Amino acid sequence: MSNADILNYSDPEPLQCGRFTLSFERPLVMGILNVTPDSFSDGGRFVARGDALRQAERMLLDGADIIDIGGESTRPGAPLVPLDEELERVIPLVEQLRGANMPLSVDTYKPEVMRQALAAGADLINDVWGFRMPGAIEAVRESNCGLCVMHMLGEPQTMQTVEPAYEDVVREVRAFLEVRVGALTAAGVAKTRISVDPGFGFGKAVVEHNYALLAHLRETAPRSEPPLPILVGMSRKSMLGKVTGRHTSERVVAGAAAAVCAAERGAAIVRVHDVAETVDALKVWAAVRDAARRS
Ligand code: 7PM
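A brief structural summary. (Residues numbered from 1 in each chain as written. Predicted model: local features only at pLDDT ≥ 70, side-chain atom pairs only at ≥ 80, totals over all residues. Heavy atoms only, no water.)

### Considerations on helix 3 (residues 83-97)
Reasoning step 1: Along its 15 residues, helix 3 runs 21 Å from first to last C-alpha, staying within 8% of the 21 Å computed at 1.5 Å per residue.
Reasoning step 2: The complete set of buried residues in helix 3 reads Glu-85, Glu-86, Leu-87, Arg-89, Val-90, Ile-91, Pro-92, Leu-93, Val-94 and Leu-97.
Reasoning step 3: Against strand 3 (28-34), helix 2 (49-61), strand 4 (66-70), strand 5 (104-107) and helix 4 (111-120) lie the buried residues of helix 3. (Helix = DSSP H or I, 4+ residues; strand = E, 2+ residues; numbered from the N terminus. Expected span 1.5 Å × (residues − 1). Buried < 20%, exposed > 50% of the residue type's maximum accessible area, 1.4 Å probe, protein only. Contact = heavy atoms within 4.5 Å.)

### Quick notes on the side chain of Ser-224
Reasoning step 1: Along the chain, Ser-224 turns up in the loop between helix 8 (217-220) and strand 9 (230-232).
Reasoning step 2: Among the polar contacts made by the side chain of Ser-224, one reaches the side chain of Lys-191 at a distance of 3.3 Å.
Reasoning step 3: Among the polar contacts made by the side chain of Ser-224, one reaches the main-chain carbonyl oxygen of Pro-226 at a distance of 3.2 Å. (Polar contact = N/O pair within 3.5 Å; in protein donor to acceptor, adjacent residues only side chain to side chain.)

### Considering the environment of Arg-174
Reasoning step 1: Its place among the elements puts Arg-174 in helix 6 (residues 169-186).
Reasoning step 2: Between the C-alpha atoms of Arg-174 and Arg-218, which are 44 residues apart in sequence, the distance is 9.7 Å.
Reasoning step 3: Discounting chain neighbours no more than four positions away, the residues touching Arg-174 are Glu-219, Thr-220, Ala-221, Pro-222 and Arg-223.
Reasoning step 4: Here the side chain of Arg-174 touches Glu-219 through a polar contact of 2.6 Å, landing on its backbone oxygen.

### Details of the side chain of Lys-204
Reasoning step 1: Position of Lys-204 relative to the elements: it lies in the loop between strand 8 (194-197) and helix 7 (208-215).
Reasoning step 2: We note that Lys-204 is buried and unpaired, the nearest opposite charge coming from Asp-197 at a distance of 7.1 Å.
Reasoning step 3: Within the structure, the side chain of Lys-204 is placed 2.7 Å from the side chain of His-151, a separation counted as a polar contact.
Reasoning step 4: Within the local environment of Lys-204, its side chain forms a polar contact with the backbone oxygen of Phe-202, the two atoms lying 3.1 Å apart. (Lys, Arg positive; Asp, Glu negative; His and termini not counted. Salt bridge = Lys/Arg side-chain N within 4 Å of Asp/Glu carboxyl O.)

### Concerning the packing of helix 6 against helix 7
Helix packing geometry: the angle between the two helix axes and the distance between the axes.
Reasoning step 1: Packing of helix 6 against helix 7 brings their axes to within 9 Å, and their N-to-C directions diverge by 70°. In terms of axis orientation, helix 6 runs roughly perpendicular to helix 7. Mapping the contact onto sequence places Val-169, Val-170 and Val-173 in helix 6 and His-209, Ala-212 and Leu-213 in helix 7.
Reasoning step 2: A breakdown of the residues in the contact of helix 6 with helix 7 according to their chemical character gives five nonpolar, one polar and no charged. (Axes fitted to C-alpha atoms, helices over the stretch in contact; angles between N-to-C directions. Parallel < 35°, antiparallel > 145°, perpendicular 65-115°, else oblique. Nonpolar A, V, L, I, M, F, W, Y, C, P; charged D, E, K, R; others polar.)

### Remarks on the pairing of strand 10 (residues 267-272)
Reasoning step 1: When you tally the buried positions in strand 10, you get six out of six residues, the bulk of the element.
Reasoning step 2: Inspection of the sheet shows strand 3 paired to strand 10 by four bridges, in the parallel sense. Paired with Gly-31 across the bridge in strand 10 is Val-272.
Reasoning step 3: In terms of strand pairing, strand 9 meets strand 10 through three bridges, oriented parallel. (Pairing = 2+ DSSP bridges.)

### Remarks on the environment of Tyr-211
Reasoning step 1: Its location among the elements puts Tyr-211 in helix 7.
Reasoning step 2: Assessed through its relative accessible area of 26%, Tyr-211 is described here as partly exposed.
Reasoning step 3: Between the C-alpha atom of Tyr-211 and that of Phe-200, which follows or precedes it by eleven residues, the distance is 8.9 Å.

### As for the packing of helix 3 against helix 4
Reasoning step 1: Packing of helix 3 against helix 4 leaves a shortest axis separation of 9 Å and a crossing angle of 20°. One element, helix 3, and the other, helix 4, form an angle in the roughly parallel class. The chirality of how helix 3 crosses helix 4 is right-handed. Of the residues in helix 4, those touching helix 3 at Leu-83, Glu-86, Leu-87, Ile-91, Val-94 and Glu-95 are Glu-112, Val-113, Gln-116, Ala-117 and Ala-120. (Left-handed = near helix turned anticlockwise from the far one by under 90°.)

### Section: the nonpolar core
Reasoning step 1: In this structure, Leu-33, Ile-69, Ile-125, Phe-131, Ile-194 and Val-232 are the most contacted members of the largest nonpolar core, which totals 68 residues.
Reasoning step 2: Looking at this core element by element, the count peaks at seven residues for helix 6.
Reasoning step 3: Beyond its immediate stretch of four places on either side in the chain, Ile-69 contacts Leu-33, Val-35, Val-90, Leu-93, Val-94, Leu-97, Ser-105, Val-106 and Asp-107.
Reasoning step 4: Core analysis: the second largest hydrophobic core is formed by 13 residues, Leu-15, Leu-28, Leu-231 and Ala-268 among them. (Core = buried A, V, L, I, M, F, W, Y, C linked by side-chain atoms within 4.5 Å.)

### Focus: the pattern of salt bridges
Reasoning step 1: All told, the structure shown has 14 salt bridges when counted by the stated rule.
Reasoning step 2: Glu-178 is the partner of Arg-174 in a salt bridge, and the nearest nitrogen-oxygen pair spans 4.0 Å. With Arg-174 and Glu-178 both in helix 6, this residue pair falls four residues apart, about one helical turn.
Reasoning step 3: A residue is classified by how much of its surface remains accessible, and Arg-174, at 9% relative accessible area, is buried.
Reasoning step 4: On the basis of relative accessibility, which here comes to 35%, the residue Glu-178 falls in the partly exposed class.
Reasoning step 5: In this structure, Arg-236 engages Asp-274 in a salt bridge whose closest nitrogen and oxygen atoms are separated by 2.9 Å. Here the residue Arg-236 occupies a position in the loop between strand 9 and helix 9 (238-244), and Asp-274 occupies one in the loop between strand 10 and helix 11 (275-294), the gap between them amounting to 38 residues.

Taken by themselves, the reported measurements are silent on function.
Set out below in structure tokens:
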């Protein structure tokens, strides 16, 4: 890409996100906060809340711009988490982190979790189902929260067992996101509240589809001027493991490289476990971009 190309791209539209308006002069880093049951206490039902708060604090110190709270109901192949359990895991954390003056995202596809999360003060709803569950659009419509609309082929329980097939993965992901964004705006959701995500690892062949989507990231978003913000989540995923031969915990450098590639291709928000490393990598990327804009 030449400097002229860099100058031809406009930053994405600012995202209305509850109490915040996020602007994208640089890619923002969303830190993943997984709220897992404490395996040391009885039955695994007790949520290790102290750990989660410490982890959130760490991510803030490391430079996270957004915290994404997940009750682990969305991970591919994971057992379904019952509604009451997801609420027990997520809502108290939203309440406790609400005072941190930091955009709070909740990773859920359940309309009731969306409603209670918003009532507790969440600023963004991150839905891997793309607001397709009955009642999901209604749950977010009346608030002013931000939305992340993700593409997923199939369902979490089956999507990595059934071989994913596309004629043209980039075009099909964009077409899906156009339909979902259309459904949301038709229901009265302002476009300024919407971000989109191609859904790395969600019903994609590990190398072929995921890397095609990364290579053509800008084209995965619905056509719009200025463009809708694109969120990407590649952190520790198998697309990184496949090309490096490394296990989950050893994919930090690979993840930072992927974040830089995504930034170069217009990503507005990068969702990661390893906040400090990603922030550093994106600072270097931004310095190069700024130099290109000056010359
Ligand atoms: C196990 C496997 C645990 C996969 C967790 C995961 C995305 C997301 C997730 C994403 C958006 C993870 C995934 N991935 N939300 N939630 N985009 N918007 O790596 O790619 O956290 S769950």
